[in-house]
Amino acid sequence: MEETKKQTILDKVWDFFTSVTLAVVLFALIAGTSMVGTILEQNAEPEKNINILVKIFRIGHETAHSVYSILEKLGFMDMYSSWWFTTLLFLFAANLIICSIDRLPRILKLIKEPVKPLTDEQFNNIGKKGLLLKGKPEKVKDSVGAVVKRSGFNFSETKEARGYQLHSEKGNYTRLGIFVAHFSILLILIGAIIGIFFGFKGYVEVPEGESRTFAFKRTAPLTSTEETDMQPILKTLQKTEGNASETAKHMGIDEKILRKKMNRYGILPLGFSIRCDDFSVEFYGRSNMPKDYKSWLTVIKGGKSVPGFERQKIEVNDPLIYDGITFYQSNYGLVPGAQGLFLLKLTSKTGVSETKQLHLGDRFVIPETGMEATLADFSPALSFKPGGTPFTSDKQMTNPAVLIEFSGIGQTKYSGWIMKRYPETWTLPDGSTIEPMDIWGVELTGLQVRKDPGVWLVYFGCISMSIGLFIAFFMSHKKLWVKLVEEKNNTRVIFALTANKNRPGFERKIDKMIALLGRPDTKPVVTGKSGGGKR
Amino acid sequence: MSSSQLFGISTLTYILAMIIYIMYLAFRSSKIGTTATTITIIGFVSQTIAIITRWTESYSQWTMLTPESTFILSVLRSAPLRNLFESLIFFVWCLILGYLIIEFKYKNRSFGAFVTPIAGLALAFIDISAMSKEIEPLVPALQSNWLLAHVMMSFIAYATFALSFSTGLMYLILKAEKRTEPSYIFWTVTTGVFIVVLTAMGFDYLKYRVVIKNPDILIKSFLFKASFLSESSVISIISWLAASVFIFVVWRYGHILKRIIGSLSISPDMLDEITYKSIAIGFPIFTLGGLIFGAIWADQAWGVYWSWDPKETWSLITWFVYAFFLHSRLLRGWKGRKVAIVAVLGFVAVIFTYLGVNLLLSGLHSYGGLE
């Protein structure tokens, strides 16, 4: 009609975003595409997803290839960060917020408007419970009021023709709970966006005893030219403690170009140096299942270790935060070709012991025996083939062992493996023992490195969402009306109530109030033994 | 008695309870009803004892492997919520507890015949899928209180969703009038497919149980290989035919079930109310425990609170479905059949989030590259 014609574009946009159809369409699109995204493996090598397509649709490899390239062009292989999925999420957020704002005035009115006395007709519709009390409404009013107040309801009163009406409400603000919950979703999304634009996610491996000034983020595979080009940048970054502008100066290139290159190669400069002082992994019993793994890290800035960040222990579920960057213990491994440092405790059969730090190939003497020995070989995970040939069976330090070659004077040489896990291998034929106490410098720690300035907003949003949902689902807006009507010089007290949730609970509360006031008039109430019928 | 014996007793008791509840539906004698409730309570008590026993067993294993850990830490780390088997047991425990509360609150036993089968199926699934029942040491990433809270609350929420699934399905059965009606077709086909899938998995188990060593391999490599995807095209065709015929039979004779439920003293309004209330309780718990605590745990362990991995994505989809349920009901005033369908679909999403992602999608991914 007239009014609809006058709609401005803004009104139309507003209407579009408040429409339920939009909500349903967005909901279906997000859910539907998300499902597709869980079936196709995200950010995987093409072959993997082509095989998945072959498997699901039972099509030929060729067809799967073309289906794959179409899907890839549409962004399905990195779907959750594709432009259209992000757009869907934004539209969803807009829909959510505009719908909420649209309803807010009505709800605010419900909250702010003081509860009004009910008309007789309304009362007849919702009021049920009541009782008859002795005395005129003026007299009874105070004691009824006291009981209502004691139950936590502050009331106002209205004088009516044949008595009074007390009206009260509680929990009107609980109606805002659902808005808190909805706006929390917006907070979480904003937090996530801050994280995407101003933060990073990376990974770096630091061998024991070494330090790193950068981490790597995921990128498209590098060409060999790019690999070669990357090396001097990494070297210079190591010297400048991960300072990009210093690095650019040292290398004599423009900082912008350097940053562009670093972005391509996935280099994330930290702006300080992180050193792995030690790494250790424990296993459950003699199994290969890790029980706990931890690293000791030191932050180095300006060539010195930062006080409070020296030899800090991190483990899974317990990260280290420095300068807004968090280091998570995520992985571990062996340094290829590393020459470690071995700490051996040598004890003679008479109990004289001595601790030695040795490198591979070092010679040493067993105390009191004069027996000479060489640290000949090392295996991080020693195992034996059926024929007795030793080999390294694992890529983690599940069974560290050292080979010791003995050469006594005039005796034939013999050698033996000493395994850290098996104390029975520590004892030599003459009764003295060699205990491998520590092996250092052969392991590396894998650290997940993250900077996310938006995470606190995400957490805040999560907390407020929980509170909002709790209020919305478990608290209610209750209204209570108590009518006092004169009835032959006595007062009939009638309770009426509404609650937007858990009405039975509220009714039980009213029953308690009635019990406090006197007997409910399910049976006719006799007005006292002393005889109220005097008049 | 060891926990596994006690679990065995509770499983048998629940299956017995299921049969008696179904008998109660058919004969409606109050004696049978009381028996069903009593047996369910016996099952529940023995399951509770079994869970506690299991807890002490894993406590002693934990303290043996980790003597340095404090008493409270040991108690928390040995809580029986550590693998698929234990989580399913806890789910069934929550479900039965929720059911008993409803039975006493609404003084109505008829839901029993719809809730106990879910418990029975979950327990049967443990054996059919041959999942590991061992008490295994925890890998470091799983040693987290956030994870514990996350798992516990997720399964409480899943149990409430399972209740809403049963009542939603009953509502649909009661309310659907004609065979051509969408809601009638929906419930008969859903129920039919559900039973067909489980039966097919049973066949897989019977045929391949000798070969398999763990459930992952059974489902990843042999799912439906004994029936629909059989090497022999004859078996495959027969399977498809049998499945279609079965679903047709459910569709054709579904009204018998309606007549049985209709003869009981359950009002559709009551079912509708229980469906809504279960979801209204489950949704905030799922949001906090399932999504938020899960995100906090992931953030603590890996530094990523959300990474769109299939598990996370599917729990978000589940969350969306229930959010849709609540909005359509509270905002649009949808009642009855439409929301009941959403409640049923919501639980299908729950099952997929919980089992499908682990067993089907991960299989798709890890085996994708090998062939």
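What you see is a predicted model; the values in this text were computed from it and never measured. Counting restarts for each chain: residues are numbered from 1 in the order of the written sequence. Working convention: letters from A go to chains and numbers from 1 go to ligands, in the order in which they are written. Local features are withheld for residues below a pLDDT of 70 in this predicted model, meaning they are given only at 70 or higher, and side-chain atom pairs are given and counted only at 80 or more; totals for whole chains, interfaces and linings count all residues. Only hydrogens and water are removed before side-chain values are computed, so all heavy atoms of the structure are retained for them.

J.: Before we move on, can you summarise the overall build of chain A with the specific residues and values?
T.: Under the DSSP-based scheme used, a helix requires at least four consecutive residues in state H or I and a strand at least two consecutive residues in state E, with every element numbered from the N terminus. Per the secondary structure count, chain A includes 14 helices and 23 strands. With the radius of gyration taken over C-alpha atoms, the globule rule is written as 2.2 Å times the number of residues to the power 0.38. Here chain A has a C-alpha radius of gyration of 39 Å; the compact-globule value for 535 residues is 24 Å, and the former is much larger. Dimensions along the principal axes, computed over C-alpha positions, put chain A at roughly 135 × 70 × 55 Å. Should any heavy atoms of two residues lie within 4.5 Å, those residues are considered in contact. Pairs at least 24 residues apart make up 61% of the contacts formed inside chain A by residues separated by at least 6 positions. With the model as given, the accessible surface of chain A reaches about 29,000 Å², and the carbon-plus-sulfur share is 58%. Working convention for charge: Lys and Arg count positive, Asp and Glu count negative, and His plus the chain ends are omitted. To locate a charge, take atom NZ for lysine, CZ for arginine, CG for aspartate or CD for glutamate. Considering chain A, the positive charge centre built from 70 side chains and the negative charge centre built from 55 side chains are found 13 Å apart. What sets the accessible areas is the Shrake-Rupley method with a 1.4 Å probe; for residues, cover comes only from the shown protein chains.

J.: Which residues make up the sheet that holds strand β12 (residues 341-347) of chain A, and what values go with them?
T.: Residue and element names in this part refer to chain A. Judged by pairing direction, the sheet is antiparallel, and its three strands sit side by side in the order β13-β12-β20 without closing on themselves. Each edge of the open sheet is held by one strand with a lone partner, namely β13 (353-358) and β20 (433-440). With direction set aside, neighbouring strand axes in the sheet form an average angle of 20°. Bridge analysis of β12 against β13 gives six bridges, and the strand direction is antiparallel. The residue of β13 that forms the bridge with L344 is K356. Pairing between two strands is assigned when DSSP locates at least 2 bridges connecting them. Interaxial angles span 0 to 180 degrees and are taken between N-to-C directions of axes, which are lines fitted to C-alpha atoms, for helices over the stretch in contact.

J.: Can you tell me about the interface of chain B and chain A, naming the residues and giving the values?
T.: The accessible area lost on association of the parts is a frequent measure of interface size. Facing the 49 residues of chain B at the interface are 51 residues of chain A. What counts as buried area is the accessible surface, traced by a 1.4 Å probe, that two parts surrender upon association, with contributions from both included. Around 4,300 Å² of area is buried between chain B and chain A when both sides are counted, 68% of it from carbon and sulfur atoms. Among the residues of chain B in contact with chain A, Y305(B), W308(B) and F320(B) are the three that bury the most area, contributing 16% of the side total. The term salt bridge refers to a side-chain nitrogen of Lys or Arg lying within 4 Å of a carboxyl oxygen of Asp or Glu. The salt bridge involving K291(A) is made with E68(B); its shortest N-O contact spans 4.0 Å. When residues of the side of chain B that touches chain A are traced back to their parent elements, those giving at least two are α2 (30-65), α10 (268-302), α11 (310-330) and α12 (337-368) of chain B.

J.: Give me the pairing of strand β18 (residues 401-407) of chain A: which residues, what numbers.
T.: Within a regular beta strand, the side chains point alternately toward one face of the sheet and then the other, so they alternate between its two faces. Residue and element names in this part refer to chain A. When you tally the buried positions in β18, you get six out of seven residues, the bulk of the element. One ladder, built from seven bridges, connects strand β15 (residues 372-379) with β18; its direction is antiparallel. Within β18, the position partnered with F378 by the bridge is V402. Note that β18 and strand β19 (residues 414-419) share six bridges and pair antiparallel. When the sheet's bridge partners are listed, E405 is paired in β19 with S415. Only protein chains enter the accessibility calculation, which uses a 1.4 Å probe; a residue whose area is less than 20% of its type maximum is buried, one above 50% is exposed, and one in between is partly exposed.

J.: Talk me through the environment of I101(A); I want residue IDs and the actual numbers.
T.: All names here are of chain A. Mapping I101 onto the fold places it in helix α6 (residues 83-112). As a C-alpha pair, I101 and G505 span 404 residues in sequence and 31 Å in three-dimensional space. Among residues more than four places away in sequence, those in contact with I101 are W14 and F183.

J.: Quick one: what's the story with the sheet that holds strand β3 (residues 163-170) of chain A, residue by residue and with numbers?
T.: Residues and elements named next belong to chain A. Across the sheet, which stays open at both edges, the five strands sit in the order β1-β23-β22-β3-β2 with antiparallel pairing between neighbours. Each edge of the sheet is formed by a strand with only one pairing partner; in this case those strands are β1 (129-133) and β2 (155-160). Taking the axes of each pair of neighbouring strands and ignoring which way they run, one obtains an average angle of 20° across the sheet. Bridge analysis of strand β22 (residues 478-487) against strand β23 (residues 490-499) gives ten bridges, and the strand direction is antiparallel. Counted as the bridge partner of L480 is L497 from β23.

J.: An account of a nonpolar patch on the surface is needed here, citing residue identities and associated values.
T.: The grouping of V245(B), F248(B), V249(B), Y253(B) and I256(B) at the surface amounts to a nonpolar patch, some 450 Å² of accessible area in total. Relative to the assigned elements, V249(B) resides in helix α9 (residues 233-262). What makes a patch is a set of residues exposed beyond 30% relative accessible area and free of salt bridges, joined within 9 Å when like-charged and within 5 Å when nonpolar (Val, Leu, Ile, Met, Phe, Trp, Tyr).

J.: Go over the nonpolar core with me, naming the residues and quoting the values.
T.: Ranked by size, the top nonpolar core spans 141 residues in total, and within it F91(B), F111(B), F161(B) and W319(B) carry the most contacts. Top element by residues in this core is helix α6 (residues 145-175) of chain B. It accounts for 18 residues. Beyond its immediate sequence surroundings of up to four residues, W319(B) is in contact with I185(A), M465(A), F283(B), F286(B), T287(B) and L291(B). We call a set of buried residues a nonpolar core when its members are Ala, Val, Leu, Ile, Met, Phe, Trp, Tyr or Cys and they connect through side-chain atoms within 4.5 Å of each other.

J.: Could you give me a rundown of the pattern of salt bridges, with the residues and numbers involved?
T.: Applying the stated criterion across every chain, the model contains 25 salt bridges over all chains. Between K136(A) and E486(A) there is a salt bridge whose closest N-O contact spans 3.8 Å. Taken together, the positions of K136(A) in the loop between β1 and α8 (137-150) and E486(A) in strand β22 put the pair 350 residues apart, joining distant regions of the chain. A residue is classified by how much of its surface remains accessible, and K136(A), at 35% relative accessible area, is partly exposed. Overall, the relative accessible area of 28% leaves E486(A) in the partly exposed class. The closest approach of N and O atoms between R492(A) and E487(A), which form a salt bridge, is 2.7 Å. Taken together, the shared-partner salt bridges in this structure form one network comprising E282(A), K291(A), D292(A), K294(A) and E68(B).

J.: Describe the packing of helix α7 (residues 182-208) of chain B against α9(B), listing the residues and the values that go with them.
T.: Residues and elements named next belong to chain B. At a minimum axis distance of 9 Å, the contact between α7 and α9 shows a crossing angle of 130°. On the basis of the axis angle, α7 is oblique to α9. The chirality of how α7 crosses α9 is right-handed. Residues Y184, I185, W187, T188, V189, G192, V193, I195 and V196 of α7 lie in contact with α9, whose contacting residues are A243, F246, I247, V250, W251, R252, Y253, G254, H255 and L257. Gly falls in the polar group here, along with every residue not listed as nonpolar (Ala, Val, Leu, Ile, Met, Phe, Trp, Tyr, Cys, Pro) or charged (Asp, Glu, Lys, Arg). Split into classes, the residues belonging to the contact of α7 with α9 amount to 14 nonpolar, four polar and one charged. For classification purposes, angles smaller than 35 degrees are called roughly parallel, those larger than 145 roughly antiparallel, those between 65 and 115 roughly perpendicular, and all remaining angles oblique. Crossing handedness: left-handed means the near helix sits turned counterclockwise from the far one by under a right angle, and right-handed means the same turn made clockwise.

J.: So what's going on with the packing of aromatic side chains? Residues and values would help.
T.: We call Phe, Tyr and Trp rings a pair once their centres come within 6.5 Å, taking the six-membered ring for Trp, and we label the pair stacked below 30 degrees between planes, edge-to-face above 60, and tilted otherwise. Per the stated rule, a full pass over the model turns up 40 aromatic pairs over all chains. For the pair W84(A) and F85(A), a centre-to-centre distance of 6.3 Å together with 85° between the ring planes defines the contact as edge-to-face. Each member of the pair, W84(A) as well as F85(A), carries the same accessibility label: buried. Members of the aromatic cluster, each reached through a chain of ring pairs, are F27(A), F92(A), F473(A), F283(B), W319(B), F320(B) and F324(B). We count a charge as sitting over a ring when the NZ of a lysine or the CZ of an arginine lies within 6 Å of the ring centre and within 35 degrees of the ring normal. Above the plane of the ring of Y164(A) lies K141(A), whose end atom (NZ or CZ) is 4.4 Å from the centre. In this structure, K385(A) is placed above the aromatic ring of F391(A), and the distance from its NZ or CZ to the ring centre is 5.4 Å.

J.: If you had to explain the domain arrangement of chain A to someone new, which residues and values would you point to?
T.: Each domain's limits were defined by an automated method or a database of domain assignments. Per the domain assignment, the segments of chain A are domain 1 (2-109), domain 2 (114-171 + 476-517), domain 3 (194-334 + 445-458) and domain 4 (341-439). Measuring from the centre of the C-alpha atoms in domain 1 of chain A to the corresponding centre in domain 4 of chain A gives 63 Å.

J.: Tell me what's going on with the confidence of the model for chain B, and back it up with residues and numbers.
T.: Per-residue confidence for chain B gives a mean pLDDT of 85; residues scoring 70 or more make up 94%. As a per-residue quantity, pLDDT reports the predictor's confidence and falls between 0 and 100. Scored below 50 in pLDDT, residues 366-371 of chain B shows ten contacts in the model against residues more than four places distant or in partner chains.

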